[in-house]
Amino acid sequence: MPNSAAINAGDTAWVLVSAALVMLMIPGLALFYGGMVRVKSALNMLMMSVTCLAVVTVVWVLYGYSLAFGPDAGGVIGTLRDAGFSGIGTHAVTGSIPTLAFAAFQLMFAAITAALLSGSIADRAKFGSWIVFVIAWVTVVYFPVAHWVFDPSGWISAHLHVLDLAGGTVVEINSGASGLALALVLGRRLGFKRDPMRPHSIPLVVMGAGLLWFGWFGFNAGSALASGGLASVAFINTQVAGAAGVLGWLGVELRRDKHATTLGAVSGAVAGLVGITPACGSVNPLGALVIGLLAGVAAAYAVGLKFRLGYDDSLDVAGVHGVGGLVGTLLIGVLATAAVTGGARGLFYGGGFDQLGRQALAAVVVGAYAFAMSWLLAKGIDRWLGFRVSRDDELAGLDLIIHGETAYDIAGHTAGVGHRIGQSVSSSQAVPEQDAASAKIRP
Amino acid sequence: MRLITAVIKPFKLDDVKAALEAFGVHGLTVSEASGFGRQAGHTEVYRGAEYQVDLVPKLRLEVVCDDDDADDLIEAIASAARTGKIGDGKVWSVPVEAVVRVRTGERGSAAL
């Protein structure tokens, strides 16, 4: 959507920095998720996020950008004219920034949204099938939905006039619904509901959540695509909602579980940040306080549902991102204020039910589309390649079986139980001492 | 000689160590263990879910002593480790055929 406006230096600088901030959220998410799983599959969890950064970048350059933001075809999808960034040079402009800065910023969104899904299938997915799924999913689900909402000519943006600055629908509801579909297709982890499956390293989770929170300033305030008042209100709202989310989740835990847990505090932060993502450019800081608090409370209750209903959304992608995103997307219809939006008002500010209805419709459509398409893609890949590892491999842990390494080698005993040359990995057992010694010195 | 093995609650280690020192024991091996006894674990709540935790964290203590000391030592360990609540653990002993002090090569009671 290039136009003829001039490039603004301040806007360009802020969006470039924001793109780098969002990139940092991906290793942040990897640590956030990686600390939450059991030690035997921690690296696999990190790898599912890290490979998204690589794979989605390649897809984005080849055709992803063009599908999402190329010339509009009926408000549904972009055409392939901009595939390979052909014809997009340094002078191409989107809004007040170079198109390439906009493309870099949006690339990070696509990569982290795909990475978010991995939390729902922790400890049990085939790595190759995951890569294939990511390529198929961004193509069929993410790029169209990003076009609908983030491209000014997309139907949700142009016709429904939904307010969603940073992706409550595109990123949060989308990943939540898709993650739920993935969890249903792959089935529960062995021992689900029987074994505690506690996080193996909560300090890693806290470090990851810290990186996420830091990067979220770029995610939300960068979505203004300009450096000014809108970016500033999004920035302060992000901080306020993250803080309120912590308190909301801990309040639920104190009442329900009698402990304020560390995992709960950082989960609440993420829930609050998720909640404000769509709303950061539509509400004032008091509105952000309400949204963050309610998102934290709602997500804290939602994560308990999987045990009652029996689906294994392992790291609560649906419970935190789906529910938090829904809370934020809907509450825009209640708390949007003309002082921030410059026009649209929510129910609380006398805008009636109009905006709320539009928000609800977008949430339902994106959620239903994401769930249905993700379910079909996952089922297809499961038939074609198999999506779940064998029972023995799942019990042994994916780190050694798939990646041939372990997250921690504190006793120094790992050599000799990993990948042996000329033999299938899964059949390797503890090897005789001589083999272990020779494995070490082999170049 | 006899090998006495005790599985105790982790926080009772200091009390048991003090009792062993008072008894005059010179050597002790401690390792982390987990397991369950007759009461078979307990229920925990975490992140909105209730779990049956059947393997409870414990410490395993091992001491080798002369046959004559074994009964008194078992009693000393048991009374130091006792809280009176479920999950206090077990103490047992088995015969030991041979002991060698690695540094000197001394054998039997002299090696204890």
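Remember, it's a predicted structure, so these values are computed and weren't measured experimentally.

Colleague: Which parts of the structure should I look at to understand the overall build of chain A?
Modeller: Check the secondary structure of chain A and you find 17 helices and 4 strands. At 22 Å, chain A has a C-alpha radius of gyration in line with the 22 Å of a compact globule built from 443 residues. Taking the principal axes of the C-alpha coordinates as reference, chain A spans close to 75 × 55 × 40 Å. Split into buried and exposed, the 443 residues of chain A put 56% on the buried side. Considering only contacts in chain A between residues 6 or more positions apart, those separated by 24 or more positions represent 76%. Accessible surface computed for chain A: about 16900 Å², of which carbon and sulfur atoms make up 67%. Between the averaged position of the 24 positive side-chain charges in chain A and that of its 23 negative side-chain charges there is a distance of 8 Å.

Colleague: Quick question: what am I supposed to make of the packing of helix α8 (residues 229-256) of chain A against helix α10 (residues 285-302) of chain A here?
Modeller: For any two helices packed against each other, the geometry comes down to the angle between their axes and how far apart the axes lie. Residues and elements named next belong to chain A. It is the contact of α8 with α10, at a shortest axis distance of 6 Å, that shows an interaxial angle of 35°. Pair α8 / α10 crosses with right-handed handedness. Together, Ile236, Asn237, Val240, Ala241, Ala244, Gly245, Leu247, Gly248, Trp249, Val252, Arg255 and Arg256 of α8 and Pro285, Ala288, Leu289, Gly292, Leu293, Gly296, Val297, Ala299, Ala300 and Tyr301 of α10 make up the contact between the two elements. Across the contact of α8 with α10, the residue classes break down as 15 nonpolar, 5 polar and 2 charged.

Colleague: Honestly, helix α14 (residues 354-384) of chain A in this entry has me stumped. Any pointers?
Modeller: Two residues of an α-helix separated by three or four positions point the same way, owing to the 3.6 residues in each turn. Residues and elements named next belong to chain A. Spanning 31 residues, α14 covers 45 Å between terminal C-alpha atoms, matching the ideal 45 Å at 1.5 Å per step. Within α14, the full set of buried residues consists of Gln355, Leu356, Gln359, Ala362, Ala363, Val366, Gly367, Ala370, Ser374, Leu377, Ala378 and Ile381. Looking at the buried residues of α14, the elements they touch are α4 (127-150), α5 (155-158), α6 (168-186) and α12 (317-335).

Colleague: In this structure, what is going on with the nonpolar core? I would like to understand it.
Modeller: Generally speaking, nonpolar side chains in soluble globular proteins are found buried as a group. Core analysis: the biggest nonpolar cluster contains 127 residues, and Phe32(A), Trp60(A), Phe133(A) and Tyr142(A) have the highest contact counts within it. Here this core takes 14 residues from helix α3 (residues 99-117) of chain A, the largest share from any one element. Among residues more than four places away in sequence, those in contact with Phe133(A) are Leu117(A), Leu182(A), Ser374(A), Leu377(A), Ala378(A), Ile381(A) and Phe387(A). With 17 residues, the next largest nonpolar core counts Ile4(B), Ala6(B), Cys65(B) and Ala80(B) among its residues.

Colleague: Could you clarify how one ought to interpret empty space enclosed by the protein in this entry?
Modeller: Counted by the stated rule, this structure contains 3 cavities of 30 Å³ or more. The space that makes up the largest cavity amounts to roughly 220 Å³. Along the lines of polarity and charge, the residues of the lining of the largest cavity split into 11 nonpolar, 1 polar and 8 charged.

Colleague: Can you help me understand the layout of surface pockets in this one?
Modeller: Space left empty within the atom packing is revealed by a probe, the size of a water molecule, rolled over the atoms. Residue and element names in this part refer to chain A. Each pocket or cavity is described by its volume, and for the largest pocket that value is around 510 Å³. Along the wall of the largest pocket there are 22 residues; nearest its centre are Val149, Phe150, Pro152, Ser157 and Leu225. Contributing elements (two or more residues each) for the lining of the largest pocket: α3 and α4.

Colleague: What is the right way to read the interface of chain B and chain A from this model?
Modeller: Buried accessible area, meaning the area lost when the parts come together, often serves as the stated size of an interface. Residue-level contacts link 9 residues of chain B with 16 residues of chain A. Roughly 1200 Å² of surface becomes buried between chain B and chain A when both sides are summed, with 52% attributable to carbon and sulfur atoms. Three residues, Tyr46(B), Arg47(B) and Tyr51(B), lead the burial of chain B against chain A; their summed loss comes to 68% of the area buried on that side. Linking chain B to chain A there are 2 salt bridges. The salt bridge involving Glu44(B) is made with Arg198(A); its shortest N-O contact spans 2.8 Å. Inspection of the region where chain B meets chain A yields 4 residue pairs in polar contact (both at pLDDT 80 or more). Residue assignment for the side of chain B that touches chain A shows that the elements contributing at least two residues are β3 (42-46) and β4 (49-53) of chain B. When residues of the side of chain B that touches chain A are assigned to their parent elements, the largest contribution, 4 residues, is made by β4(B). Of the residues contributing to the side of chain B that touches chain A, the split by class is 5 nonpolar, 2 polar and 2 charged.

Colleague: Could you clarify how one ought to interpret the side chain of Asp164(A) in this entry?
Modeller: Residues and elements named next belong to chain A. By the secondary structure assignment, Asp164 is in the loop between α5 and α6. Although Asp164 lies buried, it forms no salt bridge, and the closest oppositely charged side chain, Arg358, sits 14 Å away as judged by the N-O distance. Here the side chain of Asp164 touches Gly167 through a polar contact of 2.8 Å, landing on its backbone nitrogen. Among the polar contacts listed, one links the side chain of Asp164 to the side chain of Thr169, at a separation of 2.4 Å. In this view, Asp164 contacts Val149, Phe150, Thr169, Val170 and Pro278; residues no more than four positions away in its chain are not counted.

Colleague: Mind showing me how you'd approach the environment of Ala362(A) here?
Modeller: Position of Ala362(A) relative to the elements: it lies in helix α14. Once you skip the residues sitting within four places of it in the chain, Ala362(A) turns out to touch Ile156(A), Leu160(A), Val162(A) and Thr169(A).

Colleague: Is there a simple way to explain helix α1 (residues 13-23) of chain B in this structure?
Modeller: Residues and elements named next belong to chain B. Along α1, the positions that sit buried rather than exposed are Leu13, Val16 and Leu20. Angular distribution of buried residues about the axis of α1 spans 70°; they occupy a single face of the element. In α1, the exposed positions angled more than 90 degrees off the buried face are occupied by Asp14, Glu21 and Ala22. Where α1 is buried, its residues touch β1 (2-8), β2 (29-35), β5 (56-65) and α2 (70-81). Backbone geometry just downstream of α1 places Gly24 in the positive-phi region, at approximately 100°.

Colleague: How should I be thinking about the pairing of β1(B) in this particular structure?
Modeller: Regular strands have side chains that alternate between both faces of the sheet. Residues and elements named next belong to chain B. The buried count for β1 comes to 5 of 7 residues, which makes it a mostly enclosed element. For β1 and β5, the ladder comprises 7 bridges, and the chain directions are antiparallel. In the sheet register, Ile4 faces β5, and the bridge partner there is Val63.

Colleague: Would you mind going over the confidence of the model for chain A with me for this structure?
Modeller: Should pLDDT be low for a region, the predicted coordinates there are not to be read in detail. Of the residues in chain A, 92% reach a pLDDT of 70 or more, and the chain-wide mean stands at 92. In the predicted structure, residues 423-443 of chain A sits below a pLDDT of 50 and forms 18 contacts with residues beyond four places in sequence or in another chain.

Colleague: Just checking my understanding: could you explain a negative patch on the surface for this structure?
Modeller: A surface patch of negative charge is lined by Asp67(B), Asp68(B), Asp69(B), Asp71(B), Asp72(B) and Glu75(B). Within the secondary structure, Asp68(B) sits in the loop between β5 and α2.

Colleague: Would you mind showing me how to read the packing of aromatic side chains here?
Modeller: For any pair of aromatic rings, the description rests on two quantities: the centre-to-centre distance and the angle between the ring planes. Applying the stated criterion to the full structure yields 22 aromatic pairs over all chains. When the ring of Phe105(A) is compared with that of Phe109(A), the centres are 4.9 Å apart and the planes differ by 55°; the resulting orientation is tilted. Within this pair, Phe105(A) and its partner Phe109(A) are both found in helix α3, separated by 4 residues, close to a single helical turn. Of the two residues examined, Phe105(A) and Phe109(A), each falls in the buried class. Pairwise contacts between aromatic rings join Trp60(A), Tyr63(A), Tyr65(A), Phe69(A), Phe85(A), Phe102(A), Trp137(A), Tyr142(A) and Phe143(A) into one cluster. A cation over an aromatic ring shows up here: Arg198(A) above the ring of Tyr46(B), its NZ or CZ 4.1 Å from the ring centre.

The rules behind each value
Residues numbered from 1 in each chain as written. Chains lettered and ligands numbered in written order. Predicted model: local features only at pLDDT ≥ 70, side-chain atom pairs only at ≥ 80, totals over all residues. Heavy atoms only, no water. Helix = DSSP H or I, 4+ residues; strand = E, 2+ residues; numbered from the N terminus. Rg over C-alpha atoms; globule rule 2.2 N^0.38 Å. Buried < 20%, exposed > 50% of the residue type's maximum accessible area, 1.4 Å probe, protein only. Contact = heavy atoms within 4.5 Å. Areas by Shrake-Rupley, 256 points an atom, 1.4 Å probe, with all protein chains shown as cover. Lys, Arg positive; Asp, Glu negative; His and termini not counted. Charge placed at Lys NZ, Arg CZ, Asp CG, Glu CD. Axes fitted to C-alpha atoms, helices over the stretch in contact; angles between N-to-C directions. Left-handed = near helix turned anticlockwise from the far one by under 90°. Nonpolar A, V, L, I, M, F, W, Y, C, P; charged D, E, K, R; others polar. Expected span 1.5 Å × (residues − 1). Core = buried A, V, L, I, M, F, W, Y, C linked by side-chain atoms within 4.5 Å. 1 Å grid on protein atoms, 1.4 Å probe; cavity = no way out; pocket = protein on both sides within 12 Å on 5 of 7 lines; lining within 4 Å. Points joined across faces, edges and corners; volume = space filled by probe spheres on them. Buried area = accessible area lost by both parts, 1.4 Å probe. Salt bridge = Lys/Arg side-chain N within 4 Å of Asp/Glu carboxyl O. Polar contact = N/O pair within 3.5 Å; in protein donor to acceptor, adjacent residues only side chain to side chain. Arc of directions from axis to C-beta. Pairing = 2+ DSSP bridges. pLDDT = per-residue confidence, 0-100. Patch = residues over 30% accessible without salt bridge, like charges linked within 9 Å, V, L, I, M, F, W, Y side chains within 5 Å. Phe/Tyr/Trp six-rings, centres within 6.5 Å; stacked < 30°, edge-to-face > 60°. Lys NZ or Arg CZ within 6 Å of the ring centre and 35° of its normal.

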